[in-house]
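Residue-level listing of the chains:
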Amino acid sequence: MHDSYRRSFASQRSDEGDALGAMAADLWDDTPEAVEEEARYDLQHVSQGLDAVAEVERARDAGTPFAVAFIDIRMPPGIDGRETAKRIRALDPDIAIVIVTGFSDFSPLEISKVAGPADKIFYIAKPFEVAEIQQTAAALVARWANDRMLADARLQLSRQIEQLELQGAELAANESRAIHIATHDSLTDAPNRLAFVRALGERTKRPGLFAMAMIDLDRFKLVNDTLGHLAGDALLREICTMLHEAAPDGAMIARLGGDEFGILFDTPGENAAVMACDRLIAAITTTVVVFGHSVQGGASAGLIVSEGGEGRDPIDVVRRADLALNDAKRAGRGVVRLFDESMDEGIRFRRRIEGGLGEAIGRGELSLVYQPIVSRDTLEIEGFEALLRWNTADYGPISPATFIPIAEESNLIHQLGDWVLHAALEELKAWPGQYVSVNFSPRQFRRHNFVGYIMECVQRAGISPQRLQIEITETAIFDDAERAAETLYKLRQMGFRIALDDFGTGYSSLYNIRKFALDCLKIDRSFIDGMGRERESAAIVHSIIHLGRALGLGVIAEGVETAAQVQMLRVAGASHLQGYFFSRPVAAEIARTMAEQRFLGGEDEAVEALDGTNN
């Protein structure tokens, strides 16, 4: 039998093999055929069941397990084939077992019960064909090898999945911590101004009356001056705890900065809101022991009650509460004041501004000025930012910071935006190759068919889309991230440049930024201004630049005013610079001359300025 197995698995014929083949032909009525040259097997022959079990155990321990075991049923003396198969299966669950017998001492079902599973146990009846042995061995060895490869792949995949899950959990935890840090006050762990304004913005969209109170501590500066800032910090933490305990159910308590707290809560009416604020003031008008010193607490509050569902500007709600707080402080300490229109002369001014904006275009009061954007390496002018100016006949020049928010709250922003875009594109025709950067408000960006409208404008002007840079803020894209991502993708596909303006002033998920089709980030001027004085501002600037470079985006630094800032930004790796150091916003005719020169004051002076920042 063993000779027959050897011949069945022989890889090449020999003279002795030929003789044995003739004998086997007479014995088995068959002529064995040599297996293909590549089908080579490492064979181990044993005569007894216990020896077979021992060999399987040895091979397993050595890390070279067998793929297939051919077992006879009767192997006296010792254990029979059924017991042998049972013990082998206990040692190696992956091995394929082939029962080769001419007897039927045990049924296949009996053997499968002890040596299964059924897909790993097979039967060959004696006398066997050599081809049966060859084909069975080839198929089972190949299957065994594939099973091992599949098991290894599954194990590797399982490990990778486990690793990814761990990394995902870590990233989620880190993002959760980052969000908490970005939206909470580090001293009291209460929500900060950013989180409060967001929550207020959401509340203005829902129907129903709500109240927003601004509370400012009385005599807090005296505590800091006499007992020190640590005592002041301890007092703020204690006051924050008192406010939470005395606030209406469901109220949001936030530290807005310094000794100011904001409270947002639903209310049935103005009287109930005033009473709730009175209770808050009474709760903190008490003696607080701070570091062994008795401190008399107290506060004043400004309150506004508003109807939700109208989508009012949350900043305007905060401003009105602040006006009411100022009135409370003027009236004395420990006072609650409810906002009314007489407190806000600014409201009447806003109405006058809104009325004047509607007629500004027809009167020819609007104009554009242009501020150059230069490259870091050569200081060559690569583009200009178009900035809107309004010079009224009645009030003189009015700052964009004043009239743009008013226009944004009304449909006037579309009228103004259309005028700016057409005027900028018309002026762009006179420039040799620079691009123009135009700001678009969140309301404009959400305009129906925004992409089609912009494309139509550049086509009518005969301008290539690559020469128009669309500047948008984080608010514009993160209010509706999915729609914004689609809009930006379409704009980029058409060739427009996309810049994310005032980057760093709001909270943006870094993961989400990757989804948007952007060309560059614009660092807000407040961070540039603080670079030389505050380590935090410098760190933020460096982080934004490194982030932009990692994402393959350009980085434009706005508000550059000093040679020191130029040097720091160039070293940090900002790709473009913009600010008073290079040029104030200039009229269209001056911008044309600058565009034709390409360098501020000419190429030689640009080189000298560049050398100056390197010294």
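Since the structure is predicted, the reported quantities are computational estimates derived from the model, not experimental observations.

Caption draft 1: Region of interest: the side chain of Glu 471. Along the chain, Glu 471 turns up in strand E15 (residues 468-473). Classification of Glu 471 by relative accessible area gives buried; the value is 1%. Side chain to side chain, Glu 471 and Ser 437 meet in a polar contact 2.5 Å long. At 2.8 Å, the side chain of Glu 471 forms a polar contact with the side chain of Lys 522.

Caption draft 2: Seen up close, the packing of aromatic side chains. Inspection of every chain in the model, using the stated rule, returns nine aromatic pairs. Measuring from centroid to centroid gives 5.4 Å for Phe 440 and Phe 450, while their planes differ by 85°, and the two rings are edge-to-face. Of this pair, Phe 440 sits in the loop between strand E14 (435-439) and helix H15 (442-445) while Phe 450 sits in helix H16 (residues 450-461), and the two are 10 residues apart along the sequence. For Phe 440, a relative accessible area of 5% gives the class buried. With a centroid separation of 5.1 Å and an interplanar angle of 90°, the aromatic rings of Phe 581 and Phe 582 are classed as edge-to-face. For Phe 582, a relative accessible area of 12% gives the class buried. Feature note: the residues Tyr 5, Phe 9, Tyr 41 and Phe 70 constitute an aromatic cluster, connected by ring pairs. Positioned above the aromatic ring of Tyr 435 is the side chain of Arg 497, whose terminal nitrogen or guanidinium carbon lies 3.8 Å from the ring centre. Positioned above the aromatic ring of Tyr 580, the side-chain terminus of Arg 584 is 4.1 Å from the ring centre.

Caption draft 3: Summary view of the sheet that holds strand E9 (residues 299-308). The sheet built from five strands is open, its strands ordered E5-E6-E4-E9-E10 with mixed pairing. In the strand order of this sheet, the two ends are held by strand E5 (252-257) and strand E10 (336-338), each with one partner. Recorded for the sheet is a direction-independent mean angle of 20° between the axes of neighbouring strands. Note that strand E4 (residues 208-217) and strand E6 (residues 260-266) share seven bridges and pair antiparallel. Note on E6: the bridge partner recorded for Phe 210 is Asp 266. Sheet contacts for helix H7 (residues 193-205): E4, E5, E6 and E9; angle to E6, the most-contacted strand, approximately 25°. Set on the sheet, helix H9 (residues 229-246) makes contact with E4, E5 and E6; between it and E6 the angle comes to about 10°.

Caption draft 4: Here's a closer look at the confidence of the model for the protein chain. Mean pLDDT over the protein chain works out to 86, with 90% of the residues at or above the 70 mark. Considering each helix and strand of the protein chain separately, the mean pLDDT is smallest for helix H2 (residues 15-28), with a value of 53, and largest for E14, with 97. A low-confidence stretch, residues 12-17 stays under pLDDT 50, and its non-local contacts, those more than four residues away or across chains, total five contacts. Here residues 31-38 is modelled with pLDDT under 50, and outside its nearest four sequence neighbours on either side it reaches 16 contacts, counting other chains as well.

Caption draft 5: Here's a closer look at the sheet that holds strand E2 (residues 96-101). Overall, parallel pairing links the three strands, which are arranged E1-E2-E3 in an open sheet. Two strands bound the open sheet, and with one partner strand each, they are strand E1 (68-71) and strand E3 (121-125). For this sheet, the mean angle separating the axes of adjacent strands, direction not counted, is 20°. Pairing geometry for E2 and E3, over five bridges, is parallel. Of the residues in E3, the one forming a bridge with Ile 99 is Tyr 123.

Caption draft 6: Spatial organisation of the pairing of E2. Counting buried positions along E2 gives six out of six residues, so the element sits mostly inside the fold. Residue alternation in E2 divides its side chains into two sets, Ala 96, Val 98 and Val 100 and Ile 97, Ile 99 and Thr 101, and both sets are buried. With helix H4 (residues 81-91) bridging E1 and its parallel neighbour E2, the resulting β-α-β unit is right-handed.

Caption draft 7: Structural detail: the environment of Gly 302. Note on placement: Gly 302 falls in strand E9. Sequence separation between Gly 302 and Val 335 is 33 residues, and the spatial gap between their C-alpha atoms is 8.5 Å. Discounting chain neighbours no more than four positions away, the residues touching Gly 302 are Met 212, Ala 213, Met 214, Ala 321, Ala 324, Leu 325 and Arg 337.

Caption draft 8: Main features of helix H14 (residues 412-428). Here H14 is 17 residues long and its end C-alpha atoms lie 24 Å apart, about the 24 Å a rise of 1.5 Å per residue gives. With 12 of 17 residues buried, H14 is to be regarded as a mostly interior element. Restricting attention to buried positions, one finds in H14 the residues Leu 412, Ile 413, His 414, Leu 416, Gly 417, Asp 418, Val 420, Leu 421, Ala 424, Leu 425, Glu 427 and Leu 428.

Caption draft 9: Region of the structure containing the packing of H9 against helix H10 (residues 270-284). In the contact formed by H9 and H10, the axes pass within 9 Å of each other and the chain directions differ by 140°. What the angle tells us is that H9 and H10 run oblique. The two elements H9 and H10 meet at a crossing, and its hand is right-handed. Touching Ile 239, Met 242, Leu 243 and Ala 246 of H9 are Arg 279, Leu 280, Ala 283 and Ile 284, all from H10. In terms of residue class, the contact of H9 with H10 is built from seven nonpolar, no polar and one charged.

What counts and how
- Residues numbered from 1 in each chain as written.
- Predicted model: local features only at pLDDT ≥ 70, side-chain atom pairs only at ≥ 80, totals over all residues.
- Heavy atoms only, no water.
- Helix = DSSP H or I, 4+ residues; strand = E, 2+ residues; numbered from the N terminus.
- Buried < 20%, exposed > 50% of the residue type's maximum accessible area, 1.4 Å probe, protein only.
- Polar contact = N/O pair within 3.5 Å; in protein donor to acceptor, adjacent residues only side chain to side chain.
- Phe/Tyr/Trp six-rings, centres within 6.5 Å; stacked < 30°, edge-to-face > 60°.
- Lys NZ or Arg CZ within 6 Å of the ring centre and 35° of its normal.
- Pairing = 2+ DSSP bridges.
- Axes fitted to C-alpha atoms, helices over the stretch in contact; angles between N-to-C directions.
- Contact = heavy atoms within 4.5 Å.
- pLDDT = per-residue confidence, 0-100.
- Right-handed = clockwise from strand over helix to strand, strands pointing away.
- Expected span 1.5 Å × (residues − 1).
- Parallel < 35°, antiparallel > 145°, perpendicular 65-115°, else oblique.
- Left-handed = near helix turned anticlockwise from the far one by under 90°.
- Nonpolar A, V, L, I, M, F, W, Y, C, P; charged D, E, K, R; others polar.

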